[in-house]
Amino acid sequence: MIEINGCSKVYRSRDGTREVQALDRVHLTIAEKEFVALLGPSGCGKTTLLKIIGGLLSWTEGDVRIDGKKVTGPGPDRALVFQNFALMPWANVLTNVAFGLELKGVPKEARTGTAMRLLEKIGLAGFESAYPRHLSGGMQQRVGLARALAVNPVTLLMDEPFGALDAQTRRLMQDDLLRLLDQEPKTVVFVTHGMDEAVRLADRIVLMSARPGRVSEIIDVPFGRPRPAGYDSEPVFNELKNYLWEKLKAMQTDGGKVNGG
Ligand SMILES: Nc1ncnc2c1ncn2[C@@H]1O[C@H](COP(=O)(O)OP(=O)(O)O)[C@@H](O)[C@H]1O
Ligand SMILES: [Mg+2]
């Protein structure tokens, strides 16, 4: 369980003269194996909150705990997936996927086995010797996802992972992610500014206000996982999207940006 209790974050410039309050007393509890989407306008602190959960960033007020233990840094229980894939360009697909296992000291044969199994699962069998630059964006993000899953984390922290992909590839990736989670359930915190994406994927949608980011509203998505056939043709699917759209539109401030879809 992830517990975020009154978490605030103020960024300070190096000389201490400028401050940006990115988060303002965020309260949020995420249960194990729950899929939570963080939805909000750009600049509202979604990435900041994700990095805090990931142990990559400190907070300035409040408390962040995982299974009762205060977060003090990154750990093998949490794996990150970024929008820009963040693959090692000089290493082939297999090495990229096995990287986290190498850090954990897993022997070569075992980590190759795990990486190959994941590549198969994610539709990249046969590409293990390819280099990231030779792959499409969708394939690169499959590698990013396989790398995150390789260490068998409890929690996946995903920062607009499909944001750089074209609409069709994004939809395929969304379906694949849900399929993978169905096979191997995990806690997922998924940052997005896409309403459609949030409704398709999440159990709960945490709507964040424009900066400083606060939890504005938490919405239970009325569809189970795996999603029932035809759920996206039901009126409630579009009703929920429209509701989120209206909420996001209303909270637009300077610099805020909302993408449809
Ligand atoms: N390292 C930093 N130093 C100063 N301000 C930052 C830094 N990182 C982010 N910010 C500011 O904090 C706010 C929240 O950023 P971010 O968490 O990236 O938002 P989001 O992911 O929702 O777009 C933004 O106004 C951003 O400009
Ligand atoms: Mg961001």
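Please read these numbers as outputs of a predicted model, since none were measured by experiment. (Residues numbered from 1 in each chain as written. Chains lettered and ligands numbered in written order. Predicted model: local features only at pLDDT ≥ 70, side-chain atom pairs only at ≥ 80, totals over all residues. Heavy atoms only, no water.)

**Some remarks on the packing of helix H4 (residues 137–150) against helix H5 (residues 167–183)**
Packed helices, taken two at a time, are described by the angle their axes make and the gap between the axes.
Here is step 1 of the chain: One way to put it is that H4 packs onto H5 with a least axis distance of 11 Å and a crossing angle of 20°. Relative to H5, the element H4 lies roughly parallel. Relative to H5, the crossing made by H4 is right-handed. Listed contacts from H5 to Gly138, Gln141, Arg142, Leu145 and Leu149 of H4 are Thr169, Leu172, Met173, Asp176, Leu177 and Leu180. (Axes fitted to C-alpha atoms, helices over the stretch in contact; angles between N-to-C directions. Helix = DSSP H or I, 4+ residues; strand = E, 2+ residues; numbered from the N terminus. Parallel < 35°, antiparallel > 145°, perpendicular 65-115°, else oblique. Left-handed = near helix turned anticlockwise from the far one by under 90°. Contact = heavy atoms within 4.5 Å.)

**Some thoughts on the domain arrangement of the chain**
Here is step 1 of the chain: Structurally, the chain comprises domain 1 (1–77 + 155–261) and domain 2 (87–152).
Here is step 2 of the chain: Spacing between the C-alpha centres of domain 1 and domain 2 amounts to 25 Å.
Here is step 3 of the chain: Counting from both sides, the interface comprises 16 residues of domain 1 and, opposite them, 12 residues of domain 2.
Here is step 4 of the chain: Taking both sides of the interface into account, the surface hidden between domain 1 and domain 2 amounts to around 1200 Å²; carbon and sulfur atoms contribute 63%.
Here is step 5 of the chain: For Asp176, the salt bridge is made with Arg142, and the minimal N-O distance between the two is 2.6 Å.
Here is step 6 of the chain: For the side of domain 1 that touches domain 2, the element with the highest residue contribution is H5, accounting for eight residues. (Domains from an automatic or database assignment. Buried area = accessible area lost by both parts, 1.4 Å probe. Salt bridge = Lys/Arg side-chain N within 4 Å of Asp/Glu carboxyl O.)

**As for the environment of Pro107**
Here is step 1 of the chain: Along the chain, Pro107 turns up in the loop between helix H2 (93–103) and helix H3 (108–121).
Here is step 2 of the chain: By relative accessible area, which is 56% here, Pro107 ends up exposed.
Here is step 3 of the chain: With 64 residues separating them along the chain, Pro107 and Gly43 place their C-alpha atoms 42 Å apart. (Buried < 20%, exposed > 50% of the residue type's maximum accessible area, 1.4 Å probe, protein only.)

**Thoughts on the nonpolar core**
Here is step 1 of the chain: Counting residues in each nonpolar core, the largest one holds 53 residues, and the members touching the most others are Phe35, Leu145, Leu156, Met158, Ile205 and Leu244.
Here is step 2 of the chain: Among the elements that take part in this core, H4 stands out by supplying six residues, more than any other.
Here is step 3 of the chain: The two domains that each donate at least three residues to this core are domain 1 (1–77 + 155–261) and domain 2 (87–152).
Here is step 4 of the chain: Grouped together as the second largest cluster of nonpolar side chains are 24 residues, Val26, Leu49, Val64 and Ile66 included. (Core = buried A, V, L, I, M, F, W, Y, C linked by side-chain atoms within 4.5 Å.)

**As for the side chain of Gln174**
Here is step 1 of the chain: Within the secondary structure, Gln174 sits in helix H5.
Here is step 2 of the chain: In this structure Gln174 touches Phe162, Glu197, Arg200 and Leu201, once residues within four positions along its chain are discounted.

**Regarding the sheet that holds strand S2 (residues 19–30)**
Here is step 1 of the chain: Taken in spatial order, the four strands of this open sheet run S2-S1-S4-S5, and their pairing is antiparallel. The open sheet has two edge strands with one neighbour each: S2 and strand S5 (69–70).
Here is step 2 of the chain: Both strand S4 (residues 61–66) and S5 contribute to a ladder of two bridges, which runs antiparallel. Within S5, the residue paired with Ile66 across the bridge is Lys69.
Here is step 3 of the chain: Strands strand S1 (2–12), S2 and S4 of the sheet are contacted by helix H1 (residues 46–53), whose axis makes an angle of about 120° with S1. (Pairing = 2+ DSSP bridges.)

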